[in-house]
Amino acid sequence: MWFAVLMERAVRRERVFRDRSNPLEVYNDDEIISRFRLTREAILRLTDELEDVLGPTTARSHSIPALLQLCTALRFYATGSFLNTVGDTVGLSKASVSRVVYRVSGALSERLPQFPVEPAELSRLKRGFYNISRFPNVVGAIDGTHVKIQAPFENEHLFVNRKGHHSLNIQAVCDHNLKFLNCVARWPGSVHDSRILQHSQLFEAFEEGMIDGILLGDSGYPLKPWLLTPFLNPTIPAQRKYNTAHCSTRNTIERAFGVLKRRFHCLHGELRMIPERVCKIVCATVVLHNMAR
């Protein structure tokens, strides 16, 4: 009797393969944008570009095609839902969704924008910012934003920000069209914006004069020849006029962060992953945001 019970337990469970339909064949154009935040054409083009990275090497075990991997990751970015909830909508297990999101995020994070140094591109940026409030020679607006995360197991105290939440401090520079020109997503929430800037390649490029132009930042940043901040206590009309132009020009970065977090709601809530994975997800959403813009 006992032998029969052991043999029954030892029998391998039959694998169940779920129906993995193509989401692009199920929804119309408006529904695709609503669910995945990109157009049908953009998703197909991005799939072709990432095919070598995401495509399965063999056809064994019903491997997940690159298109379904990308759609799964886009659905997670757009909703920020639990992994098993996302898996239920695309026919994948929780473990598969976790691996897919990590793989797609890693592939997209390699495509982060590099701050331009070409004179023609810098001139275009200056014209765009000048048209906002006639602030001359501006090539970017810089600021930081926090993305909530669950308390990590290692160095938990470093990720507590000034509001008492666990987070990553994301620093970025955007242009006048709310597209990101630079993004740094690897610092804990307790780190100040000015310290992140001072340890970035962007700081070195401006200090060495490799970029012709100025950045606009808030009062949390140090005043530099290439980084202008507002007057804390303006006393004369010229200072108040400067602050007005500075504020209306610099708020492009505030709006860019707002659009980014509303477009990809996973950044608006709490990401329940380790900080290293959250960094890749943030970088991936920045790349996708630029595509959408």
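Residues numbered from 1 in each chain as written. Predicted model: local features only at pLDDT ≥ 70, side-chain atom pairs only at ≥ 80, totals over all residues. Heavy atoms only, no water.

1. Concerning the UniProt feature "domain: DDE Tnp4" (unreviewed entry) in the chain
Let me state the cut-off plainly: UniProt positions are given in the numbering used here, feature names are shortened, and annotations may be inferred rather than shown by experiment. Secondary structure elements are taken from DSSP: a helix is a run of H or I of four residues or more, a strand is a run of E of two residues or more, and numbering for both begins at the N terminus.
Mapped onto this numbering, the UniProt entry annotates "domain: DDE Tnp4" (unreviewed entry) at residues 142–290. Structurally, residues 142–290 is divided into 38% helix and 21% strand, and its ends, taken at the C-alpha atoms, are 16 Å apart.

2. Quick notes on the pattern of salt bridges
To be explicit about the condition: A pairing counts as a salt bridge when a side-chain nitrogen of Lys or Arg comes within 4 Å of a carboxyl oxygen of Asp or Glu. For every residue, the accessible area obtained with a 1.4 Å probe (protein chains only) is divided by the maximum for its type, and the residue is called buried under 20%, exposed over 50%, and partly exposed between those limits.
Scanning all chains against the criterion turns up seven salt bridges. Of the charged contacts, one joins E49 and R111 as a salt bridge, the two residues approaching to 2.9 Å between their closest N and O atoms. Taken together, the residues span a long stretch of sequence, with E49 in helix α4 (residues 40–54) and R111 in the loop between α7 (94–109) and α8 (119–133) at a distance of 62 residues. For R111, a relative accessible area of 37% translates into the label partly exposed.

3. Structural notes on the packing of α4 against α7
Defined as follows: Axis definition: a line fitted to C-alpha atoms, over the contacting stretch in the case of helices. Angles run 0 to 180 degrees between N-to-C directions. Any angle between 65 and 115 degrees counts as roughly perpendicular, while under 35 counts as roughly parallel, over 145 as roughly antiparallel, and the rest as oblique. Crossings are classed by handedness, with left-handed meaning an anticlockwise turn of the near helix from the far one by less than a right angle and right-handed meaning a clockwise turn. The contact definition used throughout considers only heavy atoms, calling two residues in contact when any of these lie within 4.5 Å. Gly is put with the polar residues, along with every residue not named as nonpolar or charged; the nonpolar set is Ala, Val, Leu, Ile, Met, Phe, Trp, Tyr, Cys and Pro, and the charged set is Asp, Glu, Lys and Arg.
Orientation of α4 relative to α7, taken along the N-to-C sense of each, is 110°, at an axis distance of 11 Å. The angle between α4 and α7 falls in the class roughly perpendicular. When you trace α4 past α7, the crossing you get is right-handed. Of the residues in α7, those touching α4 at L46, L50, V53 and L54 are R103, V104, A107 and L108. Here the residues of the contact of α4 with α7 are counted per class, giving seven nonpolar, no polar and one charged.

4. Some thoughts on the pairing of strand β1 (residues 138–149)
Along any regular strand the residues' side chains alternate between the sheet's two faces. Which entries qualify depends on this criterion: Only strands that DSSP links by at least two bridges are regarded as paired with each other.
When you tally the buried positions in β1, you get 10 out of 12 residues, the bulk of the element. The sheet contact formed by β1 and strand β4 (residues 214–216) spans three bridges and is parallel. Bridge assignment links A141 to a residue of β4, and that residue is L216. With eight bridges joining them, β1 and strand β2 (residues 167–174) adopt antiparallel strand pairing. The residue of β2 that forms the bridge with I142 is V173. The pairing of β1 with strand β6 (residues 270–271) spans two bridges and is classified as parallel.

5. As for α4
Using the following cut-off: By this rule the span expected of a helix is its residue count minus one, scaled by 1.5 Å. In this analysis the local bend is the angle between axes fitted, respectively, to the seven residues ending at and the seven residues starting at the residue.
With 15 residues, α4 extends only 18 Å from end C-alpha to end C-alpha; this falls clearly short of the ideal 21 Å at 1.5 Å per step. The sharpest bend along α4 reaches about 40° and sits at D48. Within α4, burial applies to A42, I43, L46, T47, L50 and L54. Its buried side turned inward, α4 meets α2 (23–26), α3 (29–36), α5 (66–79), α7 and α12 (275–292).

6. Let's talk about the packing of aromatic side chains
Applicable threshold: We call Phe, Tyr and Trp rings a pair once their centres come within 6.5 Å, taking the six-membered ring for Trp, and we label the pair stacked below 30 degrees between planes, edge-to-face above 60, and tilted otherwise. Charges are assigned to positions over rings by a cutoff of 6 Å between ring centre and Lys NZ or Arg CZ, combined with an angular limit of 35 degrees from the ring normal.
In this structure the tally under the stated criterion is nine aromatic pairs. Ring pairing ties together the aromatic residues F115, F203, F206 and W226, which thus form one cluster. Here R272 stacks its cationic end above the ring of F82, 4.2 Å away from the centre of that ring.

7. Let's talk about the nonpolar core
Convention followed: Only buried residues count toward a nonpolar core, which is a set of Ala, Val, Leu, Ile, Met, Phe, Trp, Tyr and Cys residues joined through side-chain atoms within 4.5 Å.
Counting residues in each nonpolar core, the largest one holds 58 residues, and the members touching the most others are I43, F76, Y77 and F180. Ranked by residues supplied to this core, first place goes to α5 with nine residues. Discounting residues that sit within four places of it in the chain, Y77 has contacts with V101, V104, S105, L108, F264, H265, C266, I281, A284, T285 and L288. F115, L122, L197 and I211 belong to the second largest nonpolar core, which has 17 residues in total.

8. Regarding helix α6 (residues 83–90)
Put simply, the rule is: By arc we mean the arc of the directions from the helix axis to the C-beta atoms, nothing more.
Buried within α6 are the following residues: L83, V86, G87 and V90. Projection of α6 onto a plane perpendicular to its axis shows the buried side chains occupying an angular sector of 100°, all on one side. Packed against the buried residues of α6 are α5 and α7.

9. Comments concerning the side chain of Q171
Let me state the cut-off plainly: Residues adjacent in sequence count toward polar contacts only when both atoms are side-chain atoms; beyond that, a polar contact is any pair of N or O atoms within 3.5 Å, and within protein one must be able to donate a hydrogen and the other to accept it.
Tracing the backbone through its elements, the reader meets Q171 in strand β2. Q171 gets classed as buried once you look at its relative accessible area, which sits at 3%. Of the polar contacts made by the side chain of Q171, one reaches the side chain of Y221; its length is 2.9 Å.

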